[in-house]
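Now for the letters of each chain:
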Amino acid sequence: FTPFVEEPSAVVADLGARAGRSFAAERAQDSVNLFEAVTAHAKALGSKGKRVPFASWSDGSSDRLCTMLGDHGLKDVRLATSYADALSFGVAGARGKPPQRAVVPIEHGFETDSLAVISETDMLGDRLARPRRKRRAQNFLAEATALAPGDLVVHIDHGIGRYTGLKTLEVNGAPHDCLDLQYGGEAKLYLPVENID
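Residues numbered from 1 in each chain as written. Predicted model: local features only at pLDDT ≥ 70, side-chain atom pairs only at ≥ 80, totals over all residues. Heavy atoms only, no water.

## Some remarks on the sheet that holds strand 5 (residues 110–111)
Pairing is mixed across the open sheet formed by 6 strands, whose spatial order is 1-5-6-2-4-3. A strand with exactly one partner marks an edge of an open sheet, and here the two such strands are strand 1 (18–19) and strand 3 (78–79). Pairing analysis gives 2 bridges linking strand 1 to strand 5, with the strands arranged antiparallel. Paired with A19 across the bridge in strand 5 is F110. Contacting strand 2 (53–56), strand 5 and strand 6 (116–119), helix 2 (residues 34–47) runs over the sheet at an angle of about 165° to strand 6. (Pairing = 2+ DSSP bridges. Helix = DSSP H or I, 4+ residues; strand = E, 2+ residues; numbered from the N terminus. Contact = heavy atoms within 4.5 Å. Axes fitted to C-alpha atoms, helices over the stretch in contact; angles between N-to-C directions.)

## What to know about the sheet that holds strand 10 (residues 188–192)
Strand order across the open sheet formed by 4 strands is 7-8-9-10, with antiparallel pairing between neighbours. Two strands bound the open sheet, and with one partner strand each, they are strand 7 (152–155) and strand 10. The sheet shows a mean angle of 50° between the axes of neighbouring strands, direction not considered. Across 4 bridges, strand 7 lies against strand 8 (residues 159–171) in antiparallel orientation. Paired with V153 across the strands is G161, a residue of strand 8.

## What about the pattern of salt bridges?
For the structure shown, the criterion picks out 5 salt bridges. Between K50 and E111 there is a salt bridge; the shortest N-O distance is 2.7 Å. Here the residue K50 occupies a position in the loop between helix 2 and strand 2, and E111 occupies one in strand 5, the gap between them amounting to 61 residues. Across the pair, exposure class does not vary: K50 and E111 are buried alike. Put simply, D63 and R101 hold a salt bridge, and the shortest N to O gap is 3.1 Å. On the criterion of sequence distance, the pair formed by D63 in helix 3 (residues 59–71) and R101 in strand 4 (residues 100–103) is long-range, its members being 38 residues apart. Within the structure, one salt-bridge network assembled from shared partners comprises R18, K50 and E111. (Salt bridge = Lys/Arg side-chain N within 4 Å of Asp/Glu carboxyl O. Buried < 20%, exposed > 50% of the residue type's maximum accessible area, 1.4 Å probe, protein only.)

## Quick notes on helix 3
Under the 1.5 Å per step criterion, the end-to-end length of helix 3 is 19 Å for 13 residues, consistent within 8% with the ideal 18 Å. Those residues of helix 3 that sit buried are S61, S62, L65, C66, L69 and G70. Packed against the buried residues of helix 3 are helix 2, strand 2, strand 3, strand 4 and helix 5 (120–124). Downstream of helix 3 by a residue or two, G73 has a phi angle that is positive, lying close to 110°. (Expected span 1.5 Å × (residues − 1).)

Below, the structure is given as structure tokens:
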């Protein structure tokens, strides 16, 4: 997706979408209720015959959003489980379309002639990810000693490997304790303990 107009080509398809509405101005004003503005906008789009799905990052955030919208006039916003499900909801041929919600992790919403996706980020601003708690290397060393050679381990990028032992490698004149992981064929990965979190 890009907000820039590009000529259709072998790698570019114009689907007729444009950037959706951001509620940044409403978030910045203390005198404006953000969810009342979102509700009014969704109702106006629906009355024009557009389908209005609210896109959230997770089931939990979708449920919380449903509660907030319900508190401000959009009661029982239905969860669409697929695109086909979203398209089939509502009275066939009716101009007004009821808003829905979906778990679709997109940064920004968009609008077409028949659809207006409002993302969680459009309403609430940038996502703030909670920083993951780092394990201390000494605690991990205690956990690593619980591994036995031959145990299977999962690496987030490399997948399932077999732990063959703890090995100390000298890199730039400094010793580093590493997990020795064996993958298919002769592939090996030496994973420095200090990089594990």
